[in-house]
Amino acid sequence: MTAMPDTTVLLCRHGQTAWHRPNRYTGASDLPLDATGRAQAEALARRAGAIRPTSLACSPLVRATETIAPVADATGLPVRVDARLRELDFGIAEGRTLDQLHAERPDVVERFLADPVAHHFPGGEPPAEAVARAEAALRDLVAADPAGTVLVVAHSTLIRLLVCATLGVPLRDYRRRLPRLDPVAVTRLSFPDGNGQPALLTYNAPILGG
């Protein structure tokens, strides 16, 4: 029996927002793209011909829906909006930089830096729970488009946690092992037919030719 080809999932971080440059924790805060982010979304759409997605999905947060909208226009594909793909809520860190939070709550920041999973920001979502919901979302997307190419627009921390889970890297190491994920950069995963473990093919790949 011939095995079915793998399903490719392209995890794309959303475009830039006004909080990107000061590196404020955005999380559940629902910011739109800024002018640079809108240009990045258009560049992603121009690359849709080379990417050749067969299905589209995104987080419900507006920075994600605005990033994928030009891709949907370019491809004619519908977008599946899935709340399980949203970014983590960062609790008391929302809207603050790490330095600002350290000035107010150095104890919280020091515990977070030591282990951002066991000591996530107070009032925020536990990272392990975020990974569980996002993994379930990806399984559903793969099942709905077997052997296809699924383009998913999501968020930096969620994607980095998913990559760690895929590789078997302890989640607590996501900031150290994967310190950077650029706007509209693509991380490519391959999901085998059946119950096999997904493989990481590329991480933080820039959108070329945009």
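The notes below deal with the structure included here. Not measured: the values here are computed from a predicted model. (Residues numbered from 1 in each chain as written. Predicted model: local features only at pLDDT ≥ 70, side-chain atom pairs only at ≥ 80, totals over all residues. Heavy atoms only, no water.)

## Brief notes about unusual backbone geometry
Then comes step 1: Despite not being glycine, R52 shows a phi value in the positive range, around 55°.
Then comes step 2: Of note, R52 is situated in the loop between α2 (48-51) and β2 (55-58).
Then comes step 3: One non-glycine residue, N204, lies in the positive phi region at around 55°. (Helix = DSSP H or I, 4+ residues; strand = E, 2+ residues; numbered from the N terminus.)

## Considerations on the environment of G95
Then comes step 1: By the element assignment, G95 lies in the loop between β3 (79-81) and α4 (98-104).
Then comes step 2: It is 19 Å that separates the C-alpha atoms of G95 and L181, two residues lying 86 residues apart in sequence.

## Describing the pairing of β2
Then comes step 1: Two strands pair when backbone bridges link them, and β2 and strand β4 (residues 149-154) are joined in this way by four bridges, in the parallel orientation. Each bridged residue has a counterpart across the sheet, and for C58 the counterpart in β4 is V153.
Then comes step 2: Direction of pairing for β2 relative to β3: parallel, over a ladder of three bridges. Paired with C58 across the bridge in β3 is V81.
Then comes step 3: Once you follow β2 into helix α3 (residues 62-75) and on to β3, the crossover reads as right-handed. (Pairing = 2+ DSSP bridges. Right-handed = clockwise from strand over helix to strand, strands pointing away.)

## Topic: the sheet that holds strand β5 (residues 186-191)
The strands that make up a sheet pair up through hydrogen bonds in the backbone, lying either parallel or antiparallel.
Then comes step 1: With mixed pairing, the six strands of this open sheet are ordered in space as β3-β2-β4-β1-β5-β6. In this open sheet, the two strands that pair with only one neighbour each are β3 and β6 (199-205). Strand-to-strand twist across the sheet, computed as the mean angle between neighbouring axes with direction ignored, equals 20°.
Then comes step 2: Running at roughly 135° to strand β1 (residues 7-13), helix α6 (residues 127-144) makes contact with β1, β2, β3, β4 and β5 of the sheet.
Then comes step 3: Along the sheet face, helix α7 (residues 156-167) touches β1, β4, β5 and β6 and points at about 150° away from the line of β6. (Axes fitted to C-alpha atoms, helices over the stretch in contact; angles between N-to-C directions. Contact = heavy atoms within 4.5 Å.)

## Concerning the layout of surface pockets
Then comes step 1: Here the largest pocket defines a volume of roughly 650 Å³.
Then comes step 2: R13, N23, Y25, S156 and R160 are the residues nearest the centre of the largest pocket, which is lined by 28 residues in total.
Then comes step 3: Residue assignment for the lining of the largest pocket shows that the elements contributing at least two residues are α4, α7 and α8 (174-177).
Then comes step 4: Top element by residues in the lining of the largest pocket is α7. It accounts for three residues.
Then comes step 5: Residues belonging to the lining of the largest pocket are distributed by class as follows: eight nonpolar, eleven polar and nine charged. (1 Å grid on protein atoms, 1.4 Å probe; cavity = no way out; pocket = protein on both sides within 12 Å on 5 of 7 lines; lining within 4 Å. Points joined across faces, edges and corners; volume = space filled by probe spheres on them. Nonpolar A, V, L, I, M, F, W, Y, C, P; charged D, E, K, R; others polar.)

## Notes on the nonpolar core
Then comes step 1: The biggest cluster of nonpolar side chains holds 37 residues, and the ones touching the most others in it are V9, L11, F121, L138 and V152.
Then comes step 2: Of all elements in the fold, only β1, α4, α5 (106-114), α6, β4, α7 and β5 reach the threshold of two or more residues within this core.
Then comes step 3: For this core, the leading source of residues is α6, giving seven residues.
Then comes step 4: Residue contacts for V9: discarding those within four places in its chain leaves L138, V142, V150, V152, T187, R188, L189 and F191. (Core = buried A, V, L, I, M, F, W, Y, C linked by side-chain atoms within 4.5 Å. Buried < 20%, exposed > 50% of the residue type's maximum accessible area, 1.4 Å probe, protein only.)

Functional significance is not addressed by these values, which are geometric in nature.
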